[in-house]
Each structure stands twice: as structure tokens, then as C-alpha cells.
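As a plain string of letters, each chain reads:
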Amino acid sequence: MHQPARTVPDAAPGNWVDRLAPAGAKPYLRLARFDRPIGAWLLLFPCWWGQALAELSLGRAFPDPWYLSLFLIGAFIMRGAGCTYNDIVDRDYDAGVERTAARPIPSGQVTVRQAQAFMLVLCGIGFLVLIQLNLFTIILGIASLVLIAAYPFAKRYTHWPQIMLGLTFKWGALMGWSTITGSLAAAPLALYAGSVLWTIGYDTIYAHQDTEDDALVGLKSTALRFGAATPRWLVLFYTGAVVLWGAAGMQAGAHAAFAVALALAAAQLAWQVATLDTSNAGNCLARFKSNRLVGWLLFGGLAADMAISAL
């Protein structure tokens, strides 16, 4: 089945997939969201944070590049697999939502069978990455499949699917730590909990793009649940995230550099809340995407703390 490509609203104009990818590959790259990498970055950063936090606690001077590379590849590949699975499950709903109707499956660019085959290929690559890690982390990674399988169905039954997304999407905070230590501890659990709250916040902002269509097709979200009260809820979630991230840093022995980075991240989150216009889809998308800066700030702060502590 081949249909002419349609523009997906949240993909940047002139992205590399549109400009450089072969025509036959474009629908699959769009299915995996390689034209919209922000989600992969938001999946990746907790992995890097967890890794750096563990290495900081052990007194190492810098994060291991090998593991950083594995998490980079794994995050982009498994985000692609997860999005493909989500689009297979949600294909009928996506067809009724303006922002998602142009996705490859509902627009007819890719069949369900083709999408399933593509997802299996991505999962195979992801598994090859996973088995480079220790046994504890391999088991931990496999355990996340339960959350991944359940997530697309959450928005059909509860106004809180963002909680399920957070639990699923930030699992890497645990895996990053266990990759270095072979176990878990209070620090990665606090990091994970804070990252879940962060996800609930930023994905509520993202969901405000679809509130009208979601209501029409019967889907639920925190954006619909909170409505005009969203900014007050965001203050709660983002404050909780910063507090828990700070607790994680303290547990791991972080010092001034991480504290400065955390303060800057808190300021960025405050900017999101202060400037948010939930009635403006472009405003919501820009603030959602700005969370990549939060990721870089915290990772940079951990790396700087490691380097300073090793002097």
C-alpha cells in the first residue's frame, strides 16, 4: 500500500528525513519518529543521568563513553519500536485526531503487517544493545516490557495515562544506575520518581494540543482532567521532580556543580509554567520540546561534578 506522504504537524519543517531519506524509507523513519527526535532524547536523558549518578557515587572522573553510546543507540531504537507499537494499537483513534491523522499507518503509507515487521526489526536491534549490559540490567530491561505493552491502553480508561507514560519512559533511570552497579539503591529510585513527575508535567503540556479531538474520540488525558488548572498542577509536579532529583544527587554525593545545574533546570521548568498558553498548540509544543534543555543541564551538572570531584 502506498499513499502520498502528508505532513505531520509536530515534525520540524525541513527535517533530515524529509530532506535526505530515500522515498521508500521515509514512512518507516516517520513511524519510528526519527523526524521528531525529542521523544528519544527525553527517553535517553534519565539513562544518562542514572549512569552518571552511579559513577559519581563511585568517585569516577567521567561517564563511561561505551555505556553512553549504548544508551544513545538503545533509546532511539526502542523509542522507535515503542512508537510503532503505539501507532499499531492506536491506528483507529489516530485517524480521528487532526494532529495524528497523517501518521504512516492511518494515512495508508504503511500497512499494519509492515509496521509489525518493522517493529520486530527494531526490537531485535534493541535486544542486541541490551545484552551488552549486566544480567541484572538485562532482567530489569525485559521487565519494562509489561509497562510498554500496557501504556497505549491507559488513555482509554483513565485521565491519568501520563503516569503510565512516566513509569514506562523513565525506566532508564534505574537501568543507567544498575548498568554501573549491578543493583538498585535509594538514589536511582529518587531519580526515577522525580523523572516520572517530570514526565507527567511535560506530557500534560503536550496533550493540550489534542484536547478537543481526544474528547470527541473518547480518549482521556491529564490535560482534559486539569483544564484551566493545568499551571497549578505543573507547579506541583515540577516542584516534586526538582526535590526528588536533589535528593538523588545528595544520596550519590553530588556537590555544587549539580546543585547549580538543578537550580537552572528548576528555572527552565518555571519558565514553562509561567509562559504556557494551553489554548495555543504551537506554544505547548515549544515548551514540551524545551525539556531537552533540562536533560542537558542535569547531565552536564553530574558530569561537571564528577570531573571536579576527581581533581
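Residues numbered from 1 in each chain as written. Predicted model: local features only at pLDDT ≥ 70, side-chain atom pairs only at ≥ 80, totals over all residues. Heavy atoms only, no water.

Peer 1: Explain the overall build of the protein chain to me, please; I cannot follow it from the model alone.
Peer 2: Across its full length, the protein chain carries 16 helices and zero strands. Expected size for 311 residues packed as a compact globule is a radius of gyration near 19 Å; at 19 Å, the protein chain falls within 12% of this value. In terms of principal-axis extent, the alpha carbons of the protein chain reach across some 60 × 45 × 35 Å. Residue burial in the protein chain is summarised as follows: out of 311 residues, 55% are buried. On the protein chain, the mean spot of the 21 positive side-chain charges and the mean spot of the 17 negative ones are 2 Å from each other. (Helix = DSSP H or I, 4+ residues; strand = E, 2+ residues; numbered from the N terminus. Rg over C-alpha atoms; globule rule 2.2 N^0.38 Å. Buried < 20%, exposed > 50% of the residue type's maximum accessible area, 1.4 Å probe, protein only. Lys, Arg positive; Asp, Glu negative; His and termini not counted. Charge placed at Lys NZ, Arg CZ, Asp CG, Glu CD.)

Peer 1: Even after reading the chapter, I still don't get the side chain of Gln268, so can you show me in this structure?
Peer 2: Mapping Gln268 onto the fold places it in helix α14 (residues 256–275). Look past the residues within four positions of Gln268 in its chain and what remains in contact with it is Ser290, Leu293 and Val294. (Contact = heavy atoms within 4.5 Å.)

Peer 1: Help me out: how do you make sense of helix α4 (residues 65–89) in this one?
Peer 2: An α-helix turns once every 3.6 residues. As a result, residues three or four positions apart point the same way. The terminal C-alpha atoms of α4 lie 36 Å apart, and with 25 residues this matches the ideal 36 Å at 1.5 Å per residue to within 8%. The backbone nitrogen of Trp66 has a side-chain oxygen 2.8 Å away, supplied by the residue at the start of α4, namely Asp64. (Expected span 1.5 Å × (residues − 1). Polar contact = N/O pair within 3.5 Å; in protein donor to acceptor, adjacent residues only side chain to side chain.)

Peer 1: How should I be thinking about the pattern of salt bridges in this particular structure?
Peer 2: If charged atoms from side chains of opposite charge come close, those side chains can pair. In this structure the tally under the stated criterion is eight salt bridges. For Asp94, the salt bridge identified is with Arg103, shortest N-O distance 3.6 Å. Assessed through its relative accessible area of 7%, Arg103 is described here as buried. In the salt-bridge network here, residues are joined through shared partners; they are Arg33, Asp87, Asp94 and Arg103. (Salt bridge = Lys/Arg side-chain N within 4 Å of Asp/Glu carboxyl O.)

Peer 1: Got a minute to help me understand the packing of aromatic side chains in this structure?
Peer 2: To describe a pair of aromatic rings, you give the distance between the ring centres and the angle between the ring planes. Inspection of every chain in the model, using the stated rule, returns 22 aromatic pairs. With a centroid separation of 5.7 Å and 85 degrees between ring planes, the pair formed by Trp41 and Phe76 is classed as edge-to-face. Linking Trp41 in helix α3 (residues 38–57) with Phe76 in helix α4, this pair joins segments that are 35 residues apart in sequence. (Phe/Tyr/Trp six-rings, centres within 6.5 Å; stacked < 30°, edge-to-face > 60°.)

Peer 1: Would you mind going over α3 with me for this structure?
Peer 2: Relative to the 28 Å expected for 20 residues at 1.5 Å per residue, α3 spans 29 Å between its end C-alpha atoms, a close match to the ideal helical length. α3 sits mainly inside the fold: 19 of its 20 residues count as buried. Looking one or two places after α3, you find Gly59, whose phi comes out positive at around 80 degrees.

Peer 1: For this particular structure, what's the right way to read the nonpolar core?
Peer 2: Within soluble globular proteins, side chains that are nonpolar tend to cluster in buried spots. Ranked by size, the top nonpolar core spans 83 residues in total, and within it Trp48, Trp49, Leu53, Trp198 and Trp245 carry the most contacts. The element best represented in this core is α3, accounting for 14 residues. In this structure, Trp49 is in contact with Leu191, Ser195, Trp198, Trp245, Val294, Gly295, Leu298, Phe299 and Leu302, ignoring residues within four places of it in sequence. (Core = buried A, V, L, I, M, F, W, Y, C linked by side-chain atoms within 4.5 Å.)

Peer 1: What's the story with unusual backbone geometry in this structure? I'm lost.
Peer 2: Leaving glycine out, the prevailing phi sign among residues is negative, and the prevailing peptide bond configuration is trans. In this model, Arg33 sits at a positive phi of 65 degrees, which is unusual for a non-glycine residue. Within the element layout of this structure, Arg33 appears in the loop between α2 (26–31) and α3.

Peer 1: I would appreciate a short explanation of the packing of α14 against helix α16 (residues 291–309) in the present structure.
Peer 2: How two helices sit against one another is set out by the angle between their axes and by the gap between those axes. At a minimum axis separation of 7 Å, α14 and α16 run at an interaxial angle of 170 degrees. Comparing the axis directions of α14 and α16 gives the class roughly antiparallel. In this structure, α14 contributes Ala256, Ala257, Phe258, Ala261, Leu262, Leu264, Ala265, Gln268, Leu269 and Gln272 to the contact, and α16 contributes Asn291, Leu293, Val294, Leu297, Leu298, Gly301, Leu302, Ala304, Asp305 and Ile308. Taken together, the residues of the contact of α14 with α16 break down into 15 nonpolar, four polar and one charged. (Axes fitted to C-alpha atoms, helices over the stretch in contact; angles between N-to-C directions. Parallel < 35°, antiparallel > 145°, perpendicular 65-115°, else oblique. Nonpolar A, V, L, I, M, F, W, Y, C, P; charged D, E, K, R; others polar.)

Peer 1: Hey, could you run me through a nonpolar patch on the surface in this one?
Peer 2: Together, Phe127, Leu128, Ile131, Ile142 and Leu145 line one region of the surface with nonpolar side chains, adding up to about 460 Å² of accessible area. Secondary-structure elements contributing two or more residues to the nonpolar patch are α6 (112–130) and α7 (135–157). Along the polypeptide, Leu145 turns up in helix α7. (Patch = residues over 30% accessible without salt bridge, like charges linked within 9 Å, V, L, I, M, F, W, Y side chains within 5 Å. Areas by Shrake-Rupley, 256 points an atom, 1.4 Å probe, with all protein chains shown as cover.)

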